[in-house]
Amino acid sequence: MSTRWSGVSDWLIAVGVAATLLVTGLSGSHSATYPDLFGYASLVAGGLVLAARRRAPVAVLAVTGLCAVGHQAAGFDVPAVAYLVAVYTAVRAGHRAVTVAASVAMLALLPLAAMASGLHDTGEAFAQARGALELAWLIAAGAAGEALRQAERRAEEAERTREETARRRADEERLHIARELHDSLTHQISIVKVQAEVAVHVARRRGEHVPEALLAIQEAGREAARELRATLQALRDDDTTPPRGLDDVPELVERARAIGLDATLTIEGRRPDVPAAVSRTVYRIVQESLTNVARHAAAATASVRIDCRPDSVAIRVDDDGKATPDTVAVPGVGLLGMRERVTALGGRLRAEPRGEGGFTVQAELPVERTP
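Draft legend 1. Seen up close, the overall build of the protein chain. If you tally the helices and strands in the protein chain, you get eleven helices and five strands. Among the 371 residues that make up the protein chain, the fraction classed as buried is 34%. Taking all contacts inside the protein chain whose residues are at least 6 apart in sequence as the whole, residues at least 24 apart take part in 69%. By element, 59% of the accessible surface of the protein chain is carried by carbon and sulfur atoms, the whole surface being about 21,600 Å².

Put into structure tokens, the structure is as follows:
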């Protein structure tokens, strides 16, 4: 919406300047001769070309300058308003050296154009050129453009500083939470887990029946320790350490094989074109999917397929576990985390049992290519 409004405002300015120049030119006594028609065309063209001043400020500066010289040569004593607007725009865009060089050339060419019209002697020609391109107005236009450019740059730097400060505070808060969790929970969970494992071990050595409650405590302790380690790793994962991504997926598959899972990996497409955020999400999806297979699926095989397409990355993880369409799946923290990551990138996630048995995780992540 803002870009569209900028385009409309540029056209309004261009038409307004062209109309002003044309009315000023018509107020003089001119006939319908060829030089007069050329002068009117120069006035109108110099104003209308301002519609493109944001997209091509240097080109518009050159065209408005040539139009100003043209209507001076045709004998039109009209101020170079369009050129002043072009000077302001070019300086605002950062083209200071080009603008200064063009303005020096204009100060030399306008008197020559006025003399070429044949209507003035040398003194009158210089006076008319000075009136058409008043030096004070020229300096004011350049100064206004430079002042606004500096203000915009300071605003961008301030915004960038605010973002960096917010990011740093978020990192500090994340590390603080990680330290608090580590100090307050890790030790207690480790004690519970160790004590439960010792109790189970002693009972089995004595040939005694191990109570179901004790086995549940042992498994809960192991699960809590794993989840806490994963949480602490996620909290401590920041931009200061190289993020895990698509190139690290083979390591995940090898790790799954090491624990007895027959896992395969297939990656197709142009991997270097995958953005960092998408690459990290692919890694997390495969990591969580293989972790769930190892923990809950009772599966013997798992396959990971990643397809890097021109506009998206597709991930599919299949296993041959015990899940069936009749299985009531309770979404865990891992699956919710995957869905949040995929949704944040504007993608889609599907995780459900297959009709022939086993579980499937499918995700599609859009990829925005940089030109």
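Right, picking up where we left off after that structure.
Draft legend 2. View of the sheet that holds strand β4 (residues 348-353). On the basis of which strands lie adjacent, the open sheet formed by five strands has the order β1-β2-β3-β5-β4 and mixed pairing. Each of the sheet's edge strands pairs with one partner strand only, and the pair in question is β1 (262-269) and β4. The mean inter-strand angle of the sheet, taken between neighbouring strand axes irrespective of direction, is 5°. As paired strands, β4 and strand β5 (residues 359-366) are joined by six bridges and run antiparallel to one another. Bridge pairing links A351 to V361 in β5. Contacts from helix α9 (residues 249-258) reach β1 and β2 (301-308) within the one sheet, and its direction differs from that of β1 by about 165°.

Draft legend 3. Expanded view of a nonpolar patch on the surface. A cluster of nonpolar residues, W11, V15 and L48, forms a patch on the protein surface that exposes about 280 Å² of accessible area. Structurally, the position occupied by V15 is in helix α1 (residues 2-26).

Draft legend 4. Quick peek at the pairing of β4. Only one face of β4 is covered, namely the face carrying L349, A351 and P353; the face carrying R348, R350 and E352 is uncovered. Between β4 and the antiparallel strand that follows it, β5, lie five residues; G357 among them carries a positive phi value of about 105°.

Draft legend 5. Just the pattern of salt bridges, in detail. Within this structure, the stated rule accounts for ten salt bridges. When the shortest N-O distance is used, the salt bridge between R354 and E356 registers 3.1 Å. Residue class for E356 comes out exposed when judged on its relative accessible area of 66%. In this structure, a network of salt bridges that share partners links the residues D307, R309, R348 and E364.

Draft legend 6. Main features of the nonpolar core. Judged by nonpolar contacts, the single largest core of 31 residues is most densely connected at V249, V282, V286, L290, I306, V313 and I315. Listing elements by their share of this core, those giving two or more residues are α9, α10 (276-297), β2, β3 (312-319), α11 (333-344), β4 and β5. Residue contacts for V249: discarding those within four places in its chain leaves L265, V282, Y283, V286 and I306. Within the second largest apolar cluster, 24 residues are counted, among which are V17, A80, V87 and A90.

Draft legend 7. How the structure looks around the environment of E254. Looking at the element boundaries, E254 is found in helix α9. Residue class for E254 comes out partly exposed when judged on its relative accessible area of 45%. Put simply, E254 and T264 are ten residues apart on the chain and 8.9 Å apart in space, counted from C-alpha to C-alpha. At a separation of 2.4 Å, a polar atom in the side chain of E254 contacts the side chain of R257.

Draft legend 8. Expanded view of α9. Of the residues making up α9, those classed as buried are V249, L252, V253 and A256. Buried positions in α9, seen along its axis, are confined to an arc of 95° and lie on one side of it.

Draft legend 9. Local environment of the packing of helix α3 (residues 57-73) against helix α4 (residues 81-92). Contact pair α3 / α4: the axes reach a minimum separation of 9 Å and the direction vectors enclose 160°. Here α3 lies roughly antiparallel to α4, going by the angle between them. Crossing hand, α3 versus α4: left-handed. Contact residues: P57, V60, L61, T64 and G65 in α3; A82, Y83, A86, V87, T89 and A90 in α4. The class makeup of the residues in the contact of α3 with α4 is eight nonpolar, three polar and no charged.

Draft legend 10. Representation of the side chain of T360 in the model. You can see T360 is positioned in strand β5. A distance of 3.0 Å separates a polar atom in the side chain of T360 from a polar atom in the side chain of R354.

Draft legend 11. Spotlight on the environment of A351. Here A351 shows up in strand β4. Expressed as a C-alpha distance, the spacing of A351 and A363, which sit twelve residues apart in the sequence, is 8.5 Å. Ignoring sequence-local partners within four residues, the contact set of A351 consists of L335, F359, T360 and V361.

Draft legend 12. Local environment of the side chain of D319. Locating D319 in the fold gives a position in strand β3. It turns out D319 is buried and unbridged, and the closest side chain with the opposite charge, R354, is 5.4 Å from it. Here G321 takes part through its backbone nitrogen, which lies 2.8 Å from a polar atom of the side chain of D319.

Draft legend 13. Summary view of α3. In this model, α3 (17 residues) spans 24 Å end to end at C-alpha, consistent with the 24 Å of a helix rising 1.5 Å per residue. Considered for burial, the residues of α3 that qualify are P57, V60, L61, T64, G65, C67, A68, V69, G70, H71 and Q72. Backbone geometry just downstream of α3 places G75 in the positive-phi region, at approximately 90°.

Rules and cut-offs
Residues numbered from 1 in each chain as written. Predicted model: local features only at pLDDT ≥ 70, side-chain atom pairs only at ≥ 80, totals over all residues. Heavy atoms only, no water. Helix = DSSP H or I, 4+ residues; strand = E, 2+ residues; numbered from the N terminus. Buried < 20%, exposed > 50% of the residue type's maximum accessible area, 1.4 Å probe, protein only. Contact = heavy atoms within 4.5 Å. Areas by Shrake-Rupley, 256 points an atom, 1.4 Å probe, with all protein chains shown as cover. Pairing = 2+ DSSP bridges. Axes fitted to C-alpha atoms, helices over the stretch in contact; angles between N-to-C directions. Patch = residues over 30% accessible without salt bridge, like charges linked within 9 Å, V, L, I, M, F, W, Y side chains within 5 Å. Salt bridge = Lys/Arg side-chain N within 4 Å of Asp/Glu carboxyl O. Core = buried A, V, L, I, M, F, W, Y, C linked by side-chain atoms within 4.5 Å. Polar contact = N/O pair within 3.5 Å; in protein donor to acceptor, adjacent residues only side chain to side chain. Arc of directions from axis to C-beta. Parallel < 35°, antiparallel > 145°, perpendicular 65-115°, else oblique. Left-handed = near helix turned anticlockwise from the far one by under 90°. Nonpolar A, V, L, I, M, F, W, Y, C, P; charged D, E, K, R; others polar. Lys, Arg positive; Asp, Glu negative; His and termini not counted. Expected span 1.5 Å × (residues − 1).

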